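Architecture at a glance
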Amino acid sequence: MKLWNAVRHFRTITKHKQMVMENCFKVGLYKQGLLHDLSKYSWEEFRIGVKYYQGDRSPNAAEKEEKGYSVAWLHHKGRNKHHFEYWIDFAPDKSAGLIGNEMPLKYLVEMVMDRIAASKVYKGDAYTDACPWEYYARGQDYAVMHKKTRAQLEKLLLMLKDEGEEKTFAYIRKLLRHRSRRQR
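Just so it is clear, the model here is predicted, and its values are computed rather than measured. (Residues numbered from 1 in each chain as written. Predicted model: local features only at pLDDT ≥ 70, side-chain atom pairs only at ≥ 80, totals over all residues. Heavy atoms only, no water.)

Details of the overall build of the protein chain
Put simply, the test is: Numbering of helices and strands starts at the N terminus; helices are DSSP runs of H or I of at least 4 residues and strands are runs of E of at least 2. Restricting the calculation to C-alpha atoms gives the radius of gyration, and the globule rule supplies 2.2 Å times the number of residues raised to the power 0.38. Accessibility here uses a 1.4 Å probe with only protein chains present; expressed as a share of the type maximum, an area under 20% marks a residue as buried, one over 50% as exposed, and anything in between as partly exposed. For the area figures, the Shrake-Rupley method with a 1.4 Å probe applies, and any residue is considered shielded solely by the protein chains shown.
Check the secondary structure of the protein chain and you find nine helices and two strands. When the helices and strands of the protein chain are read in sequence order from the N terminus, they spell out α-α-α-α-α-β-β-α-α-α-α. Taking 2.2 N^0.38 as the reference for a compact globule, 184 residues should give roughly 16 Å; the C-alpha atoms of the protein chain span a radius of gyration of 17 Å, in line with that estimate. When the backbone C-alpha atoms are referred to their principal axes, the protein chain occupies close to 50 × 45 × 30 Å. The buried share of the protein chain, reckoned over its 184 residues, is 42%. As displayed, the protein chain has an accessible area near 10,800 Å², and 54% of this comes from carbon and sulfur atoms.

Listed below in structure tokens is the structure:
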């Protein structure tokens with residue numbers, strides 16, 4: 001059973017990684033596409049994925065239900081800048097507590113591609129362009145995120161929901177080109 005779960009988990013994370021890579025390539029984020037989620041193949045994350053594999057949701061959710069936290073998720077979010085949780089830190093004025101720092105655009109876009117791919121992998125034939133928004137909306141009240149990052153993420157997920165992938169990706173390509181020109 002564990003060997004079969006290892007094979008199925010490997011296939012799931014590889015399919016997800018490939019989808020993110022293809023979408024990142026479509027908008028011009030080649031490095032993000034190639035390097036996306038490599039930590040999922042590390043022993044720290046992979047073994048948890050095998051142990052809690054279910055096929056229709058993240059194994060990290062099952063680990064969290066059992067333990068109250070997920071070792072694999074803590075490892076993952078600390079190494080992957082496309083998760084808004086990576087950008088949470090104490091405010092310069094420590095009395096303000098934890099805050100979300102603004103995410104650079106390339107990681108924000110990778111996060112959108114990650115949400116699209118995860119929704120497609122776990123939803124299968126039931127996927128629609130609204131699924132990434134619906135997943136985000138279920139937890140948005142609890143997310144510690146910079147207000148500009150939140151606004152950009154919501155804009156892109158709603159655009160995807162309302163206008164589809166083609167228009168959203170075209171908008172993202174334009175946004176990235178404009179940002180690239182401004183940084184030169």
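Observations regarding helix α7 (residues 131–139)
Applied cut-off: We call two residues contacting when some pair of their heavy atoms lies within 4.5 Å.
Within the sequence span of α7, burial applies to C131, P132, W133 and Y136. Taken together, the buried residues of α7 touch α6 (105–123) and α8 (147–163).

A few points about the nonpolar core
Soluble globular proteins tend to bury their nonpolar side chains together. Our working definition: The term nonpolar core refers to a set of buried residues drawn from Ala, Val, Leu, Ile, Met, Phe, Trp, Tyr and Cys, joined through side-chain atoms within 4.5 Å.
Ranked by size, the top nonpolar core spans 29 residues in total, and within it V27, V109, M113, I116, L153, I172 and L176 carry the most contacts. Of all the elements in the fold, those that place two or more residues in this core are α1 (2–27), α6, α7, α8 and α9 (165–183). When residues of this core are assigned to their parent elements, the largest contribution, nine residues, is made by α6.

What to know about the layout of surface pockets
So the rule is basically this: Throughout, the protein atoms alone are placed on a 1 Å grid, and a set of points is a cavity if a 1.4 Å probe fits but cannot get out or a pocket if it is open with protein on both sides within 12 Å along at least five of seven lines; lining residues have an atom within 4 Å of a point. Grid points are joined across faces, edges and corners, and a volume is the space filled by probe spheres set on the points. Three residue categories are used. Nonpolar comprises Ala, Val, Leu, Ile, Met, Phe, Trp, Tyr, Cys and Pro, charged comprises Asp, Glu, Lys and Arg, and polar comprises the others, including Gly.
Taken as a whole, the largest pocket holds about 1,400 Å³ of empty space. Along its surface, the largest pocket is lined by 41 residues, and S58, W73, H83, E85 and Y135 are the ones closest to its centre. Elements with a contribution of two residues or more to the lining of the largest pocket: α1, α3 (43–51), α4 (59–67), α5 (71–77), α6 and α7. When residues of the lining of the largest pocket are assigned to their parent elements, the largest contribution, eight residues, is made by α6. Residue composition of the lining of the largest pocket, grouped by class: 17 nonpolar, eleven polar and 13 charged. Counting residues per element, the ones that place at least two in the lining of the second largest pocket are α2 (30–35) and α6. For the lining of the second largest pocket, the residue count by class is two nonpolar, five polar and six charged.

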